[in-house]
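# Structural overview
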Amino acid sequence: MVDGGANRLYDSKFKESKKIRAVIGDFDGIKEDVRSFFTKKGIDVHHDPDQNTTDFEKDVNYARKEKYQSMIFVNFYPGRLDHVLSGIHSTQKALNKCP
């Protein structure tokens, strides 16, 4: 899960989900109490300060590095066409790197 998405999940009924493995991003959008909540749950909270990649790209790169077998992308970038197009582009780049 990326950065600001952690805030949305925290405010939902799914924040106790056992399927959450990591919160990843530059953390310019995550609330400190949300970050603390996931850290205390034992979730890997991975800060990547790189400003040349999006949080979505950071997430995909992390998943590849950790050798995840699958990823589920949910509701990324609602309401922002530029973000939607960036997400599609990043997904395609990731797929091209898959064996």
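Residues numbered from 1 in each chain as written. Predicted model: local features only at pLDDT ≥ 70, side-chain atom pairs only at ≥ 80, totals over all residues. Heavy atoms only, no water.

### Let's talk about the packing of aromatic side chains
The final tally for this structure, using the stated rule, is three aromatic pairs. A centroid spacing of 5.1 Å and a plane angle of 80° characterise the contact between Phe 37 and Phe 38, whose relative ring orientation is edge-to-face. The pair Phe 37 / Phe 38 is uniform in exposure class, with both members buried. Consider the rings of Tyr 62 and Tyr 68, whose centres lie 6.2 Å apart with planes at 90°: the pair is edge-to-face. Using a relative accessible area of 7% as the deciding quantity, one classes Tyr 62 as buried. With a relative accessible area of 26%, Tyr 68 lands in the partly exposed category. One aromatic cluster in this structure is built from Tyr 10, Phe 37 and Phe 38. Against the face of Tyr 68 rests Arg 21, its NZ or CZ located 4.9 Å from the ring centre. (Phe/Tyr/Trp six-rings, centres within 6.5 Å; stacked < 30°, edge-to-face > 60°. Buried < 20%, exposed > 50% of the residue type's maximum accessible area, 1.4 Å probe, protein only. Lys NZ or Arg CZ within 6 Å of the ring centre and 35° of its normal.)

### Here we look at the nonpolar core
Ala 6, Leu 9, Ile 20, Val 23, Phe 27, Ile 30, Val 34, Phe 37, Phe 38 and Ile 43 form the largest nonpolar core, which has 10 residues in total. Of all the secondary structure elements, the ones that give two or more residues to this core are helix 1 (3-10) and helix 2 (32-40). Ranked by the residues each element gives to this core, the list is headed by helix 2, at three residues. (Core = buried A, V, L, I, M, F, W, Y, C linked by side-chain atoms within 4.5 Å. Helix = DSSP H or I, 4+ residues; strand = E, 2+ residues; numbered from the N terminus.)

### A few points about the pairing of strand 1 (residues 22-25)
Going residue by residue along strand 1, you find Ala 22 and Ile 24 tucked away on one face and Val 23 and Gly 25 tucked away on the opposite face as well. Where strand 1 lies against strand 2 (residues 44-47), four bridges are found, and the strand directions are parallel. Bridge pairing links Gly 25 to His 47 in strand 2. Each parallel crossover has a hand, and for strand 1 linked through helix 2 to strand 2 it is right-handed. (Pairing = 2+ DSSP bridges. Right-handed = clockwise from strand over helix to strand, strands pointing away.)

### Some words on the pattern of salt bridges
Where side chains of opposite charge bring their charged atoms close, a pairing between them can arise. Within this structure, the stated rule accounts for two salt bridges. Put simply, Glu 16 and Lys 41 hold a salt bridge, and the shortest N to O gap is 3.6 Å. Here the residue Glu 16 occupies a position in the loop between helix 1 and strand 1, and Lys 41 occupies one in the loop between helix 2 and strand 2, the gap between them amounting to 25 residues. Classification of Lys 41 as partly exposed rests on a relative accessible area of 29%. In this structure, Lys 65 engages Glu 66 in a salt bridge whose closest nitrogen and oxygen atoms are separated by 3.7 Å. (Salt bridge = Lys/Arg side-chain N within 4 Å of Asp/Glu carboxyl O.)

### Some details on helix 3 (residues 55-65)
Burial analysis of helix 3 places eight of its 11 residues in the buried class, the great majority of the element. Every buried residue of helix 3 is listed here: Asp 55, Phe 56, Glu 57, Lys 58, Asp 59, Val 60, Tyr 62 and Ala 63.

### Here we look at a nonpolar patch on the surface
Taken together, the side chains of Leu 81, Leu 85 and Ile 88 make up a nonpolar region of the molecular surface, amounting to roughly 320 Å² of accessible area. Looking at where Leu 85 falls in the secondary structure, it is placed in helix 4 (residues 81-97). (Patch = residues over 30% accessible without salt bridge, like charges linked within 9 Å, V, L, I, M, F, W, Y side chains within 5 Å. Areas by Shrake-Rupley, 256 points an atom, 1.4 Å probe, with all protein chains shown as cover.)

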